[in-house]
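Examining the three-dimensional arrangement
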Amino acid sequence: MRIFVFFLLTTVSCSPLKKYEKTAAKWENEIVKLENLDNSQDYTKNQILFIGSSSIRLWKSIKKDLKPYEVIKRAYGGARYTDLIHFTERLVSPHDIKAVGIFVANDITGGENDLSPKEVLKLAKYIVKQIRTSHKTSSVFFIETTPTPKRWKAWSKISQANDLIKEFCASNDRLFFISTRNYFIGDNGLPTEEYFVRDNLHLNLKGYTLWSNIIKENLKSIIGSN
């Protein structure tokens, strides 16, 4: 009995939700706004749901760019895995969808509060676990965190996290990884600045065009032609 209680307490204390519980409140209003979109938008069962951070949120032409695939966008600026774990089920479970696409790029930025690549992997696994509670057979894919001029100094750690998630996806059914790095790094070995807006972090129109082409090409093998 003591062993069971100790195991239970250890499991609860080690839960990412408990470890990062303070990160949830900051984004609650944004999540409610995203949830309210379900009351004003209609969907079919062929939709791909995209969740994550600002590169998804700012993708205003996503529906046009990804045609003929049908998409739902549920992202908020500044999203990290440390806060998305609190909202994944709320954003995903209400939707009857073919696939879930995930792009989160703010847990490693070159700052003092960066996670380790292994911690990013742990949270990515946790999010997949949350998605599987309501969507056991839907395809789930991670889009690689893009190499950007602004965060190039942190690319070594970012790329390590990308590689760990890629390995995780390769060993699981209906789990996929869309690699983008080779398209955004030029012949000089640096991120190609022409794909980014002035902040050297977010994509411009040319960058989104490239991104969408990469994603669409991969969707053919992930969920087939629409």
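Overview of the overall build of the chain
The secondary structure content of the chain amounts to eleven helices and five strands. Its C-alpha radius of gyration of 18 Å places the chain within 12% of the 17 Å reference for a compact globule of 226 residues. Summarising its shape, the C-alpha atoms of the chain cover approximately 60 × 40 × 35 Å along the three principal directions. Here the chain holds 226 residues, and 49% of them are scored as buried. Across the chain, contacts joining residues at least 24 apart in sequence account for 74% of those joining residues at least 6 apart. Surface summary for the chain: the accessible area is close to 12,000 Å², and the carbon and sulfur share equals 53%. Counting 34 positive and 24 negative side-chain charges, the chain places the centres of these two groups 2 Å from one another.

Here's the deal with the layout of surface pockets
In this structure, the largest pocket occupies an estimated 220 Å³ of space. Forming the walls of the largest pocket are 16 residues, and the residues nearest its centre are Leu34, Leu37, Gln41, Lys73 and Arg74. Where the lining of the largest pocket is concerned, the elements lending two or more residues are α3 (28-36), α5 (62-65) and β2 (70-75). At five residues, the largest contribution of residues to the lining of the largest pocket is made by β2. In the lining of the largest pocket, the residues fall into eight nonpolar, one polar and seven charged.

Description of the pairing of strand β1 (residues 47-52)
By the criterion of burial, β1 is predominantly enclosed, with six of the six residues buried. Across the two faces of β1 the burial is the same, with Gln47, Leu49 and Ile51 and Ile48, Phe50 and Gly52 all buried. Bridge analysis of β1 against β2 gives six bridges, and the strand direction is parallel. When the sheet's bridge partners are listed, Leu49 is paired in β2 with Ile72.

Things to note about the packing of helix α8 (residues 117-132) against helix α9 (residues 155-170)
Contact geometry of α8 with α9 gives a least axis separation of 8 Å together with a crossing angle of 40°. On the basis of the axis angle, α8 is oblique to α9. Crossing angle aside, the handedness with which α8 passes α9 is right-handed. Across the interface between the two elements, Pro117, Lys118, Val120, Leu121, Ala124, Lys125 and Val128 from α8 touch Lys157, Gln160, Ala161, Leu164, Ile165 and Phe168 from α9. Considered class by class, the residues forming the contact of α8 with α9 number nine nonpolar, one polar and three charged.

Let's talk about empty space enclosed by the protein
In total, this model carries one cavity of 30 Å³ or more according to the counting rule given. Approximately 140 Å³ is the volume attributed to the largest cavity. Taken together, 16 residues form the lining of the largest cavity, with Val104, Val120, Thr145, Ala161 and Asn162 sitting closest to its centre. Secondary structure elements with two or more residues in the lining of the largest cavity: β4 (139-143) and α9.

Here is what the cut-offs are and how they apply
Residues numbered from 1 in each chain as written. Predicted model: local features only at pLDDT ≥ 70, side-chain atom pairs only at ≥ 80, totals over all residues. Heavy atoms only, no water. Helix = DSSP H or I, 4+ residues; strand = E, 2+ residues; numbered from the N terminus. Rg over C-alpha atoms; globule rule 2.2 N^0.38 Å. Buried < 20%, exposed > 50% of the residue type's maximum accessible area, 1.4 Å probe, protein only. Contact = heavy atoms within 4.5 Å. Areas by Shrake-Rupley, 256 points an atom, 1.4 Å probe, with all protein chains shown as cover. Lys, Arg positive; Asp, Glu negative; His and termini not counted. Charge placed at Lys NZ, Arg CZ, Asp CG, Glu CD. 1 Å grid on protein atoms, 1.4 Å probe; cavity = no way out; pocket = protein on both sides within 12 Å on 5 of 7 lines; lining within 4 Å. Points joined across faces, edges and corners; volume = space filled by probe spheres on them. Nonpolar A, V, L, I, M, F, W, Y, C, P; charged D, E, K, R; others polar. Pairing = 2+ DSSP bridges. Axes fitted to C-alpha atoms, helices over the stretch in contact; angles between N-to-C directions. Parallel < 35°, antiparallel > 145°, perpendicular 65-115°, else oblique. Left-handed = near helix turned anticlockwise from the far one by under 90°.

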